[in-house]
Amino acid sequence: MALARLAIQDGFNVIVSYIGTTMPQSQQVQYQRLQKMNIPILEDMESIHNSIQQAEILIDCIFGNGCNREVRGNYKTTIDWMNASNKEIIAIDVPSGLNADTGKEMGACVHATQTLALDCFKEGMFIEDGPSVCGKIQCLDIGIVHEEKDGIIWIDQQLAQTLLPIRSNLSHKG
């Protein structure tokens, strides 16, 4: 809802849908801000289905990265509609329905064309079903400072280039 509010303030035409049953305090604040801006929030399934059909791009923020149980009910229905729409889907942090730790689809999972990982990549993006549902993955630095864990490093292209030996054109992989 915060992303929707910011996009609306930047002039984008946004349709907000909410399919949850309980709302955490932080989300209630964003919900109230949207209400003060007179932004309608769709909560009935027929309207949500119609909005998916009309949208140019779908932004997936159904779940955060803590999905660890079977996706069912209106959540599954909405994810199925999104996947069937053949529209560009941008998942925020992790595609909804993907277990961020194991990389397994939890009954239904958004098949994103792009995933914007918040703060860091999640292991589940790269194992099991993760690679087939995340699309292009990009990590966004949102300013969280982490303690380094002993023995664990992320190898990116720059680090790999410093670790790999320079080979002669006449060399062999062995």
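Structure: see above.
Summary of the structure given here. Bear in mind the structure is a predicted one, so any value in this text is a computation, not a measurement.

The secondary structure content of the protein amounts to six helices and six strands. Walking the protein from its N terminus toward its C terminus, one meets helices and strands in the order α-β-α-β-α-β-α-β-β-α-β-α. In terms of overall dimensions, the protein has a C-alpha envelope of 65 × 30 × 30 Å along the principal axes. Within the protein, buried positions represent 32% of all 174 residues. In the protein, the proportion of contacts linking residues at least 24 apart, taken out of those at least 6 apart, comes to 59%.

Turning next to helix α4 (residues 73–84). Compared with an ideal rise of 1.5 Å per residue, which puts 12 residues at 16 Å, α4 spans 17 Å between its outermost C-alpha atoms and is within 8% of the ideal. Along its buried surface, α4 packs onto α3 (45–54), β3 (57–60) and β4 (88–92). Of the residues flanking the end of α4, it is Asn86, one or two places downstream, whose phi is positive at about 55 degrees.

Taking strand neighbours across the sheet as the criterion, the four strands line up as β3-β4-β5-β6 in an open arrangement whose pairing is parallel. This sheet does not close on itself; its edge strands, each paired only once, are β3 and β6 (136–140). Taken over all neighbouring pairs, the strand axes of this sheet differ in orientation by 20 degrees on average, direction set aside. Here three bridges tie β4 to strand β5 (residues 114–118), and the two strands are oriented parallel to one another. Within β5, the position partnered with Ala91 by the bridge is Thr115.

The subject of this paragraph is the pattern of salt bridges. Inspection of the entire model under this criterion finds two salt bridges. Measuring nitrogen to oxygen at the nearest pair gives 2.8 Å for the salt bridge that ties Lys76 to Asp80. Taken together, the positions of Lys76 and Asp80, both in helix α4 and four residues apart, correspond to about one turn of that helix. Classification of Lys76 as partly exposed rests on a relative accessible area of 32%. Asp80 gets classed as partly exposed once you look at its relative accessible area, which sits at 34%.

In this section: the environment of Ala55. Tracing the chain through its elements places Ala55 in the loop between α3 and β3. Taking relative accessible area as the criterion, Ala55 reaches 18% and is therefore assigned buried.

The rules behind each value
Residues numbered from 1 in each chain as written. Predicted model: local features only at pLDDT ≥ 70, side-chain atom pairs only at ≥ 80, totals over all residues. Heavy atoms only, no water. Helix = DSSP H or I, 4+ residues; strand = E, 2+ residues; numbered from the N terminus. Buried < 20%, exposed > 50% of the residue type's maximum accessible area, 1.4 Å probe, protein only. Contact = heavy atoms within 4.5 Å. Expected span 1.5 Å × (residues − 1). Pairing = 2+ DSSP bridges. Axes fitted to C-alpha atoms, helices over the stretch in contact; angles between N-to-C directions. Salt bridge = Lys/Arg side-chain N within 4 Å of Asp/Glu carboxyl O.

These results come straight from atomic positions and should not be treated as a statement about function.
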